[in-house]
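These are the residues of each chain, in order.
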Amino acid sequence: AARLTLVGLAVAALVAGAGALVVHTTVASAASAGVEDEGANCAVPALPDAGSLPTSAKLPDPFKKLDGSRITTKSDWTCQRELIKKLSEKFGYGEKPAKPQSVTGTVSRTSITVNVSNAGKSSSFSASVDAPSGNGPFPAVVVLGGFGADTAAIKAAGAAVINYDPYAVGKEGTPRTNKQGAFYSIYGANSPTGLLMAWAWGVSRIIDVLEQSGGTVLRGDATGVTGCSRFGKGAFVIGAFDQRIQLTMPIESGSGGVPIFRGIPGEGAQSLSSAYGEQPWLGDAFGSFTGSPARLPVDTHEMVAMVAPRGLFIMDNPHIVNLGPKSASVAALGGAEVYRALGAGDNITYWSDIQNGTHCANRPEWSAPLQQNIQKYLTKTGNSPGSFHISSKAAGNLAEWRDWTTPTLSGSTSSPSTSISPSTSPSTSTSAST
Ligand code: MCU
């Protein structure tokens, strides 16, 4: 019966997709996976020093360059994104080093191993894989920490689950001066880079190995990431900092994750100093901003924007004020303005309209959109447009947080591509052989 259901679903998806089989322009890099950071060669001007930053209560203008002018074309976004990347590394998360000198490893349908060496230092880690039945190759969703993500729904949608243990790459419970894990074995126990970025580096190295494996078991060009709570913070940063990730799905991430650092006054979110002090999640440099986030030249709406135009499905919980769900909605709405300017407004979804208030519970409301996102961005068997479902209990107002407007950017950032091609869809055979 399971076999019939899956085949039926695939057929239904193809039939539904056929009506939408129109070639339309997207700026998505879906077809050209393979570049962790497309702006790596941009000439980014010297960044400001921490001491000379102006205070700005409102969210920084994501379209504004350091010289004060604004970008005007969609292709300008590549280097604007690079500027945002550099600013957020310097003041928020710490630097994410480029691909190390050597990355090797193995991929099977039950596990992935990763061996890294750089400048005479080496480390390794592994992750177990839980693949759907059938032959693959499968897209994969990296699940951080093993809770709060609906792994059954992920597999039923046709993607394998990569069980990633972030602590193998960046351990919690250490002082900032003695950070541990595979990242810090290479870059030093006193590296100022925080755990969230170390975790991001680890997932990027998994994708290196997937790419090098030739994509015969798990595809290297169809990767998603998700996780809840502290691992929602991680999923968010992981997706923002690797453009090979086609689908980013943070869940109930709280302070240091999706919510704007500036924070809605009185909301009751975990304070920045509490999050900064609880674990070395953020970079060491963030320590001088926990009491004055209005000095930050970047905020998390720009991390949302860094994911654009790729798939982003933010799940949040309106029932727990400590998570800062209103502040998270403002980040999503602010970042969505960049998606809109790039002509990809449909690619971001925010969903906090849920019943059960338990942190990281399995939520029926998210199963369908989760699977639609996987079908749109990973298996490419569907094309349901995303939309926002913000709970009225925790709805922030972007208008109160910005003094900039959204420009009409000219041009396009890539050539037209079909977003669904049933005849070559890899999941057709996957589902049929289940
Ligand atoms: C929401 O994420 C965190 C939160 O920031 C911490 O203060 C708390 O201790 O743990 C949460 C979490 O990761 O729960 C699983």
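The structure presented is a predicted model; accordingly, all values stated were derived computationally and were not measured.

Cut-offs and rules
- In every chain, residue numbers begin from 1 and rise along the written sequence.
- In keeping with the predicted nature of the model, local features appear solely for residues at pLDDT of at least 70, side-chain atom pairs appear and are counted solely at 80 or more, and the whole-chain, interface and lining totals rest on all residues.
- Heavy atoms throughout the structure, all of them, feed into the side-chain values; hydrogens and water do not.
- Note on geometry: axes are C-alpha line fits, over the in-contact stretch for helices, and angles between N-to-C directions span 0 to 180 degrees.
- Note on conventions: DSSP H or I runs of at least 4 residues are helices, E runs of at least 2 residues are strands, and numbering of each starts at the N terminus.
- Between 65 and 115 degrees an angle is taken as roughly perpendicular, under 35 as roughly parallel, over 145 as roughly antiparallel, and anywhere else as oblique.
- Each crossing gets its hand from how the near helix is turned against the far one by less than a right angle, where anticlockwise is left-handed and clockwise is right-handed.
- Contacts were defined at the residue level, with two residues in contact if any of their heavy atoms lie within 4.5 Å.
- Three classes are used: nonpolar for Ala, Val, Leu, Ile, Met, Phe, Trp, Tyr, Cys and Pro, charged for Asp, Glu, Lys and Arg, and polar for all others, with Gly counted as polar.
- It suffices for a single heavy atom of a residue to lie within 4 Å of a molecule or strand for the residue to be listed as near it.
- Whenever a nitrogen or oxygen atom comes within 3.5 Å of another N or O atom, the pair is scored as a polar contact, on the condition that within protein one atom can donate a hydrogen and the other can accept it, and that pairs from neighbouring residues in sequence are kept only if both atoms are in side chains.
- Throughout, the Shrake-Rupley method with a 1.4 Å probe supplies accessible areas, and for residues the shown protein chains are the sole cover considered.
- Here the term buried applies to any residue with accessible area under 20% of the maximum for its type, exposed to any over 50%, and partly exposed to those in between, with areas from a 1.4 Å probe on protein chains only.
- Each pair of strands is called paired provided DSSP finds at least two bridges between the two strands.
- By convention, a crossover is right-handed whenever its connection, traced from the first strand over the helix to the second and viewed with the strands pointing away, goes clockwise.
- Salt bridges are defined by distance alone: a side-chain nitrogen of Lys or Arg within 4 Å of a carboxyl oxygen of Asp or Glu.
- Residues grouped as a nonpolar core are buried Ala, Val, Leu, Ile, Met, Phe, Trp, Tyr and Cys residues, joined through side-chain atoms within 4.5 Å.

**Student:** Can you walk me through the packing of helix α6 (residues 195-212) against helix α7 (residues 230-240) in this structure?
**Tutor:** The description of two packed helices rests on the angle between their axes and on the distance between the axes. α7 packs onto α6 with a crossing angle of 60° between their chain directions and a minimal axis gap of 8 Å. For the element pair α6 / α7, the angle class is oblique. Between α6 and α7 lies a crossing of right-handed hand. Between α6, through Leu196, Met197, Trp199, Ala200 and Val203, and α7, the contact on the second element is made entirely by Arg230, Phe231, Lys233, Gly234, Val237 and Ile238. By residue class, the composition of the contact of α6 with α7 is eight nonpolar, one polar and two charged.

**Student:** It is not clear to me how the site of the ligand should be interpreted in this structure. Could you clarify?
**Tutor:** Close contacts around the ligand come from Phe147, Ser229, Arg230, Lys233, Ser253, Gln270, Glu278, Trp281, Leu323 and His359, and that covers them all. The separation between an oxygen atom of the ligand and a polar side-chain atom of Ser229 is 2.6 Å. The contact in question runs from an oxygen atom of the ligand to an N or O atom on the side chain of Arg230, over 2.6 Å. Protein coverage of the free-state accessible area of the ligand, which is 370 Å², stands at 75%. Grouping the constituent residues of the shell around the ligand by class yields three nonpolar, four polar and three charged.

**Student:** Explain the pairing of strand β8 (residues 311-315) here, please?
**Tutor:** For a regular strand, side-chain orientation follows a simple rule: the groups alternate between the two sheet faces. Along β8, five of the five residues are buried, which leaves the element largely enclosed by surrounding structure. A two-sided burial pattern is seen for β8, the buried positions comprising Gly311, Phe313 and Met315 on one face and Leu312 and Ile314 on the other. Judged from the three bridges that link them, strand β7 (residues 245-251) and β8 form a sheet pairing that is parallel. Paired with Ile251 across the bridge in β8 is Met315. Of the pairings in the sheet, the one linking β8 to strand β9 (residues 348-351) comprises four bridges and is parallel in character. Across the sheet, Met315 pairs through a bridge with Trp351, a residue of β9. Read as a crossover between parallel neighbours, the route from β8 over helix α10 (residues 325-341) to β9 is right-handed.

**Student:** Help me out: how do you make sense of the pattern of salt bridges in this one?
**Tutor:** Scanning all chains against the criterion turns up 23 salt bridges. Two residues, Asp284 and Lys179, come together in a salt bridge whose shortest N-O distance is 3.1 Å. Taken together, the residues span a long stretch of sequence, with Asp284 in the loop between α8 (272-278) and α9 (300-307) and Lys179 in the loop between α4 (166-169) and α5 (182-187) at a distance of 105 residues. With a relative accessible area of 24%, Asp284 lands in the partly exposed category. With a shortest N-O distance of 3.2 Å, Glu211 and Arg244 are connected by a salt bridge. Residue Glu211 is found in helix α6, and its partner Arg244 is found in the loop between α7 and β7; the two are separated by 33 residues along the sequence. Look at the salt bridges and you will find they share partners, linking Glu36, Lys96, Arg205, Asp208, Glu211, Asp242 and Arg244 into a network.

**Student:** Help me understand the nonpolar core in this model?
**Tutor:** Within soluble globular proteins, side chains that are nonpolar generally end up buried alongside one another. Grouped together as the largest cluster of nonpolar side chains are 89 residues, with contacts concentrated most on Tyr93, Ile112, Ile162, Tyr164, Trp199 and Leu218. Element by element, the count of residues in this core is highest for α6, at twelve residues. Other than its neighbours up to four places away in sequence, Leu218 contacts Val107, Ile112, Val129, Phe138, Ala160, Ile162, Leu210 and Ser213. Listed in part, the 23 residues of the second largest apolar core include Ile154, Phe313, Ile374 and Tyr377.

**Student:** Where do I start with unusual backbone geometry in this structure?
**Tutor:** Trans peptide bonds make up most of the peptide bonds, and negative phi angles are found at most residues other than glycine. In this structure, the amide linkage connecting Gly136 to the following residue, Pro137, adopts the cis form with an omega of 0°. Tracing the chain through its elements places Pro137 in the loop between β3 (121-130) and β4 (138-144). Residue Pro309 is reached from Ala308 by a cis peptide bond, and omega for that bond is 0°. Positive phi values are uncommon outside glycine, yet Ser229 reaches one of about 70°. With respect to the element layout, Ser229 can be found in the loop between β6 (218-228) and α7. In this structure, Glu252 is a non-glycine residue whose phi angle is positive, near 40°. Following the sequence through the fold, Glu252 ends up in the loop between β7 and α8. In this structure Glu252 comes out as buried when scored by relative accessible area, which is 0%.

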